[in-house]
Amino acid sequence: MPYPNLRAMTITERGQRLLGVRPEEGRTVWLFFLHNFLLGVGTILVYVAANVLLLENNPERNLPLAYGVAALAMIATGKLYGHFEHHWLLQKLAVRVLLAAVALAGVLGVLVATGHSVAAAIAIMAGYRVIYLLTNLEFWGVSAVVFDVRQSKRLFGIISAGDMPAKALGAVLAIFIHHNAELPWLLGTAFGAYLAALLALRATLSSHELTAAPDRRRVRPQELAPGLRRWFGDSRLVLTLCLSMLGLAAVTTGIEYLFFVNVKHRFHDEAAVMRYVGTVLVITYLLAMAFKVLLSQHTLDRLGVRSVLLALPVAALGGLALYAGLDHTDTTALLPYFCGLYLGLEVLRRAVFDPVFLLLFQPLSVAERLQAHTLAKGLYEPLGMALGAGLLFALHALPGGQTWGPFGWMGLLMLVVLYLLTRVYKQYVAELQHALSRRFTNEADDVRTAPAADSLAPTASPGEIKQLIHSLNAKAGRAAATQRLLRLGEAALPTLAEVLSADANQTLVRRVAQVCGRLRTAASRQLLVALARQPHLFRREAALRALRHFGVVPHEAPLFQALVHDELQLAQQLLYGQATADSELANCLDYELLRTQQRVFALLGQIYPPQLIADAQRGVAHAARERQANALEILDNSIARPTYQGLQTLLSVAPAAEKARLFTQLLGPLLAPAPIVETIVERGETAFSDWTVRAALDQWQPTTATVAALSPHLRSPSPLVRESAFGVLGQLAIQQPGLHQQLHATHQTLASLLMSHAATTSHITAAERVQVLQQTALFAETPENVLSSIVPIMQEVSFTAGQQIFAKGDLGASLFIMYEGAVGIFNGPQLLATFGKGDFFGELALLDAEPRSAAAVAQGAVTAFRLDQEDFYDVMEERPEVLRNILRVLCQRLRRQNEA
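This text gives an overview of the structure that appears in the document. (Residues numbered from 1 in each chain as written. Predicted model: local features only at pLDDT ≥ 70, side-chain atom pairs only at ≥ 80, totals over all residues. Heavy atoms only, no water.)

Along its length, the chain carries 36 helices and eight strands. By the burial criterion, 53% of the 900 residues in the chain qualify as buried. Carbon and sulfur atoms make up 60% of the accessible area of the chain, which totals about 38700 Å². (Helix = DSSP H or I, 4+ residues; strand = E, 2+ residues; numbered from the N terminus. Buried < 20%, exposed > 50% of the residue type's maximum accessible area, 1.4 Å probe, protein only. Areas by Shrake-Rupley, 256 points an atom, 1.4 Å probe, with all protein chains shown as cover.)

This paragraph deals with the environment of Val677. You can see Val677 is positioned in helix α27 (residues 676-683). Residues Val677 and Thr692 lie 15 residues apart in sequence; the distance between their C-alpha atoms is 9.6 Å. Not counting residues up to four positions away in its chain, the partners in contact with Val677 are Leu585, Ala696, Gln699 and Trp700. (Contact = heavy atoms within 4.5 Å.)

Once that is clear, we can look at the nonpolar core. Generally speaking, a soluble globular protein has its nonpolar side chains buried in company with each other. Core analysis: the biggest nonpolar cluster contains 258 residues, and Leu710, Phe779, Ile790, Leu867 and Phe872 have the highest contact counts within it. Looking at this core, the element that brings in the most residues is helix α12 (residues 331-359), giving 17 residues. Beyond its immediate chain neighbours, meaning those up to four positions away, Leu710 contacts Leu697, Trp700, Ala725, Val728, Leu729, Leu732 and Leu743. (Core = buried A, V, L, I, M, F, W, Y, C linked by side-chain atoms within 4.5 Å.)

Together, Leu65, Val69 and Phe393 line one region of the surface with nonpolar side chains, adding up to about 240 Å² of accessible area. Turning to its location among the elements, Phe393 is positioned in helix α13 (residues 366-395). We classify Phe393 as partly exposed; its relative accessible area is 45%. (Patch = residues over 30% accessible without salt bridge, like charges linked within 9 Å, V, L, I, M, F, W, Y side chains within 5 Å. Salt bridge = Lys/Arg side-chain N within 4 Å of Asp/Glu carboxyl O.)

Tallied over the entire structure, the rule returns 20 aromatic pairs. Judged by centre distance (5.9 Å) and plane angle (40 degrees), the rings of Tyr323 and Tyr337 are tilted. Taken together, the residues Tyr323 in the loop between α11 (270-321) and α12 and Tyr337 in helix α12 connect sequence positions 14 residues apart. We note that Tyr323, like Tyr337, is buried. Summarising the aromatic geometry, the rings of Phe806 and Phe841 are spaced 6.1 Å apart at their centres and angled 45 degrees between planes, so their arrangement reads as tilted. Of this pair, Phe806 sits in strand β2 (residues 804-806) while Phe841 sits in strand β6 (residues 840-841), and the two are 35 residues apart along the sequence. Owing to a relative accessible area of 10%, Phe806 belongs among the buried residues under this scheme. Taking relative accessible area as the criterion, Phe841 reaches 3% and is therefore assigned buried. Aromatic ring contacts, followed pair by pair, group Tyr323, Tyr337, Phe338 and Phe407 into a single cluster. A cation sits over an aromatic face here: Lys837 above Tyr819, 5.3 Å from the ring centre. (Phe/Tyr/Trp six-rings, centres within 6.5 Å; stacked < 30°, edge-to-face > 60°. Lys NZ or Arg CZ within 6 Å of the ring centre and 35° of its normal.)

Time to look at the sheet that holds strand β8 (residues 862-868). Taken in spatial order, the four strands line up as β1-β8-β3-β6 in an open sheet, and their pairing is antiparallel. Edge positions in the open sheet fall to β1 (795-799) and β6, since each of these has one partner strand only. As judged from the five bridges shared by β1 and β8, these two strands associate in the antiparallel manner. Looking across to β8, one finds that Gln795 is bridged to Arg866. Its contacts with the sheet put helix α33 (residues 766-774) on β1, β3 (814-820) and β8, and the angle it makes with β3 is roughly 105 degrees. Strands in contact with helix α35 (residues 869-878) are β1 and β8; relative to β8, the strand with the most contacts, it is inclined by about 60 degrees. (Pairing = 2+ DSSP bridges. Axes fitted to C-alpha atoms, helices over the stretch in contact; angles between N-to-C directions.)

All right, on to helix α15 (residues 462-471) then. Restricting attention to buried positions, one finds in α15 the residues Ile465, Leu468, Ile469 and Ser471. Looking straight down α15, one finds its buried side chains confined to an arc of 155 degrees; they lie on one side. Buried positions along α15 lie against α16 (478-488), α17 (493-502) and α18 (506-519). (Arc of directions from axis to C-beta.)

Of note, Pro712 is situated in helix α29 (residues 711-714). Residue classification places Pro712 among the exposed positions, given a relative accessible area of 53%. C-alpha separation for the pair Pro712 and Gly684, spaced 28 residues apart in sequence, amounts to 8.4 Å.

With antiparallel pairing, four strands are arranged side by side in an open sheet as β2-β7-β4-β5. Taken across any chain shown, the strands that pair with only one partner, and hence form the sheet edges, are β2 and β5 (830-835). Going from strand to strand, the sheet's axes swing by 30 degrees on average, the running direction of each strand aside. With five bridges connecting them, strand β4 (residues 823-827) and β5 associate as antiparallel partners. Across the sheet, Ile825 pairs through a bridge with Ala833, a residue of β5.

Geometric values such as these leave the question of function open.
Structure, rendered in structure tokens:
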């Protein structure tokens, strides 16, 4: 299906789409990729130099010793980094870390040039590990602050791929290294690479503000013992991840050791050893880079966090188990096995596991995630290396220490890692929920108690119940009628069901639905479920609002999932129409899409835990990017995948044509879609707000086949729709008299409708009243679709020059919006302010009926609109957006007064 307004993409844009990089993220991603590439160049060159020296001298004994010394050095470095992480700003820390890496590379260059002993080789290996740790902590620390959890999921695989080509380059150089004299050149190149990485870091810092200030969150439940909290904080997630990292580091150390030792046994010539090792490393890093860049995001999207996280330990256990079926005396057959084991696990660890592992820290607050990452990488990974080195060194001289021994302890440790990682996913989702939960909650809000049974419940006839229901329309008797209906309970349900199924008064239907919700019985729930299934979307919204009083009923989940699918199909129609609509109608459809999104969330609250969905809905509407990302991530891990993809598309900021294309991929193409204007006119106020219907009627070109759709709009309760409908009728009489006559012949009451409309039409139209509201500061940011609900309660009032509108001390119960003329506000004889067209006064009376603090007098002929408090309360009950905008404006005024 063609999508209007979807322009051809450039090669850069196509590449960004393939990689999952949004246009505004391009420069940042490129800088991080370059930064990681340069760090990788420096680190791999140091690594090659260390291994050249170590493989010369008894690697079976010296490699474990080097691992142990390096682990101790890394632990000390991690503690030092953690200290400065708490005392320095992140920008300063990142720069100092790279300067330290530059200095350390220089020291290692001196060691290589002056010393060729085993001690020097071990010192160089320890130096490599320290540099690796520092650059890793610096790179991922900055990344964790710059990117939120959703960006991390999409981009960590890409930015972390930067070091893969660098390491492949270093491995290629290793193939051609045959003499120790050539090693200083490697370390000199590493020195230059770290300096270049420092420049890339400065470019990144210049475009991003890095702050690690703690955010305000609800206090986490005390899940850990006091001794553990000293190390891990209050998060079980951090504890489990750190222990997993310890076991995984021990196993990877053992596999790397076995690979190098078996290569040394197979090739006695130093040059042959380096060629073989270098070739394996080149293949490993290139495969890891290809997977990271091209497949990591798609794999994560398809399989999910949990499956990707478990892939490494499951593959490791499978690879270790293969050893049992090999001929252990055939070194020629063993080498390809160890090569494949090392290569496969390295690719999985670097391309799949590491980005997801780092992603798991992102739901934590910024300060917590930095501390947790330093703890995992700076303490527990080195401890794991030390554990692996200790086991290798201790078992070296024992029988089977070089054959079955390592496989035994590595298999046991990997089983423990697998068990821990199966628990990590639930803890990750729990952290997302904690990040989204309200900082302060009222426990009573979470308790949904049914009304107490009344053994002496009153009785009433159907006629009396009908009278009570109609009393819900009257302000004076509404509260009493509601309480009486609640006391009647089940006895009132048959009459309530009649109203819900047939009554055309949408306000009454909404209030009856609220009564059913407050009854909280199985029968009243069934009435609301039936109401939600109606195609009339305003009735569905009323039902879903009332169903919040109930919990989830599992056997009804398929019904609500079908309604979610219907809503997504409607969203697809709206998006396709929005791509072809003019700006006015496109703005209207924006609001309709927002309503669709809200209904989807309400439906999800009947399928999944309501509190989780409510927290996510608040999160996606939050101003903070971090909170929005956490909300999307918890939805991604909680609801059905197709539903999430549709909801994510609705929430994205992509153009309408692009969203329509994504919906087509998700739901399939629309079959012969009708023009959006005709769809709106045909479905009318059963599916769209009156402002949207008005906008569509103004653009509609009726034909013989479609003109009958005008009839219900001529009888609409909305003055906006009626005005536009009669405008269309007037145009038909002039431009298409044949269609006009056809309507008259089909609808015998048309003449009486015309007379009634002419008698009730005001000289200020309903559409003009909406414009008046939007031109006031009080409602300037409220959509016209919402303001249209205020039009019916706008009472036009006129005053003559000198006439007092209200006196000081009068009880305030109305807001006034100026249309024409001027009004002076007086405190006795003193003129305090003058209001003209578009201004408003008396706004506090809408929220609090208190005596007026000043008098208002017309300065000439005045026309204004009066909004009474009780009428406005009804509007705010139906449209909470109105109240939010008023509170925002009043807060701004209060803030200005405080500043003055």
